[in-house]
Amino acid sequence: KAKKHLGQHFLTDENIARKIVEGLSFENYNNIMEVGPGMGVLTKYLLEKDQNIYLAEIDTESIEYLKKNYSGVNENTFVGDFLKQDFSFIKDEQIAIIGNFPYNISSQILFQIVDHYERIPEMVGMFQKEVAERTAGVPRTKDYGILSVLIQAYYDVSYMFTVHENVFNPPPKVKSGVIKLTRNPKEGLAGNEVLFKQIVKTGFNQRRKKLSNALKSLNIPEALKGHEFLDKRAEELSVSDFIHFADLWKQNQ
Ligand code: SAM
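What counts and how
- Residues numbered from 1 in each chain as written.
- Predicted model: local features only at pLDDT ≥ 70, side-chain atom pairs only at ≥ 80, totals over all residues.
- Heavy atoms only, no water.
- Near = heavy atom within 4 Å.
- Polar contact = N/O pair within 3.5 Å; in protein donor to acceptor, adjacent residues only side chain to side chain.
- Areas by Shrake-Rupley, 256 points an atom, 1.4 Å probe, with all protein chains shown as cover.
- Nonpolar A, V, L, I, M, F, W, Y, C, P; charged D, E, K, R; others polar.
- Salt bridge = Lys/Arg side-chain N within 4 Å of Asp/Glu carboxyl O.
- Buried < 20%, exposed > 50% of the residue type's maximum accessible area, 1.4 Å probe, protein only.
- Phe/Tyr/Trp six-rings, centres within 6.5 Å; stacked < 30°, edge-to-face > 60°.
- Helix = DSSP H or I, 4+ residues; strand = E, 2+ residues; numbered from the N terminus.
- Pairing = 2+ DSSP bridges.
- Right-handed = clockwise from strand over helix to strand, strands pointing away.

## A closer look at the site of the ligand
Argument step 1. Near the ligand lie 21 residues; those nearest to it are L11, G36, E57, D81 and N100.
Argument step 2. Between Q8 and the ligand, the recorded distance is 3.0 Å, taken from a side-chain N or O atom to an oxygen atom.
Argument step 3. At 2.8 Å, a side-chain N or O of D81 approaches a nitrogen atom of the ligand.
Argument step 4. Out of a free accessible area of 600 Å², the ligand has 97% covered by protein chains.
Argument step 5. Split by residue class, the shell around the ligand holds 11 nonpolar, six polar and four charged.

## Focus on the pattern of salt bridges
Argument step 1. Per the counting criterion, the structure on display carries 17 salt bridges.
Argument step 2. Linking E222 and K225 is a salt bridge whose minimum nitrogen-to-oxygen distance equals 3.3 Å.
Argument step 3. Overall, the relative accessible area of 63% leaves E222 in the exposed class.
Argument step 4. For K225, a relative accessible area of 46% translates into the label partly exposed.
Argument step 5. Beyond isolated ion pairs, a larger network of salt bridges with shared partners links K3, D59 and E61.

## Brief notes about the packing of aromatic side chains
Argument step 1. Going through the model one piece at a time under the given rule, you end up with eight aromatic pairs.
Argument step 2. For the pair Y117 and Y154, a centre-to-centre distance of 4.7 Å together with 50° between the ring planes defines the contact as tilted. In this pair, Y117 is assigned in the loop between α4 (106–115) and β5 (122–128) and Y154 in the loop between α6 (146–152) and β6 (155–163), connecting sequence segments 37 residues apart. Neither residue differs from the other here; Y117 and Y154 are each classed as buried.
Argument step 3. Relative to W249, the ring of F245 lies with its centre 5.9 Å away and its plane at 85°, an arrangement referred to as edge-to-face. Pair noted here: F245 and W249 are both in helix α9 (residues 239–251), with a separation of four residues, about one helical turn.

## Some words on the pairing of strand β4 (residues 95–100)
Argument step 1. Of all six residues in β4, six are buried, a share of seventy percent or more.
Argument step 2. Residues I95, I97 and G99 line one face of β4 and the alternating positions A96, I98 and N100 line the opposite face, and both faces are buried.
Argument step 3. Where strand β2 (residues 31–35) and β4 come together, five bridges link them in parallel fashion. Note that in β4 the partner of V35 across the bridge is G99.
Argument step 4. Looking at chain direction, β4 and β5 are connected through four bridges and run parallel. Bridge pairing in β5 places G99 opposite G125.
Argument step 5. This β-α-β element, β4 to α4 to β5, shows right-handed connectivity.

Structural data, given as structure tokens:
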């Protein structure tokens, strides 16, 4: 029986499961971690591949089920809570992430990935549609916001497809969206993450205001005061604009 507090909705459509797994490139990494395998609808296709498979699952009933029903899965396959991973068990190696994620911790999963982007070249996964759209959001649209900029500073995001409620058991209340992240570290962010995040968050918190107003509380450096970006709203700046702006800010602080 599905456990609601663990965000359990089991995918029942094999074609969609296969399409999600085939979203990964299977190139340039030896390891794949699946988040929340549940009853293994994605896992069985992953086990056909050459990579080492690791499963992050916190439901003991699921773990027992997977061990019993899939050869190739054993005690060592399981790594526990995804949000607690530091990936040290596969030191210095690259690991791709895949999953039909528990929607109650969607943003935490995305930020866990960004926090370890040096180890994670690729992710394919399903979120509630709204989160998938916000992650893939482009400038001057309502979807473009904090999540879009903070994720796209590290990854190119592509929206793969939408999944209807009725292919899950039990059906979730909302539609789902599958996205793919491909690592593409943008120039200039190194060492300036804290200021970058602060500018992005503060700028979008008052997204209707020009940045000259929205960022006032951060004490805009004097040398930046005439800058053209300050005359715009947060949603008008590209991800590269934000990175460039945070860089200038740091130099003039
Ligand atoms: N992959 C299965 C499928 O597609 O049918 C199950 C998906 S279900 C939406 C989410 C799964 O994530 C559940 O099996 C749940 O137990 C698991 N889960 C919840 N929180 C987790 C966490 N912090 N770390 C790892 N897995 C978690």
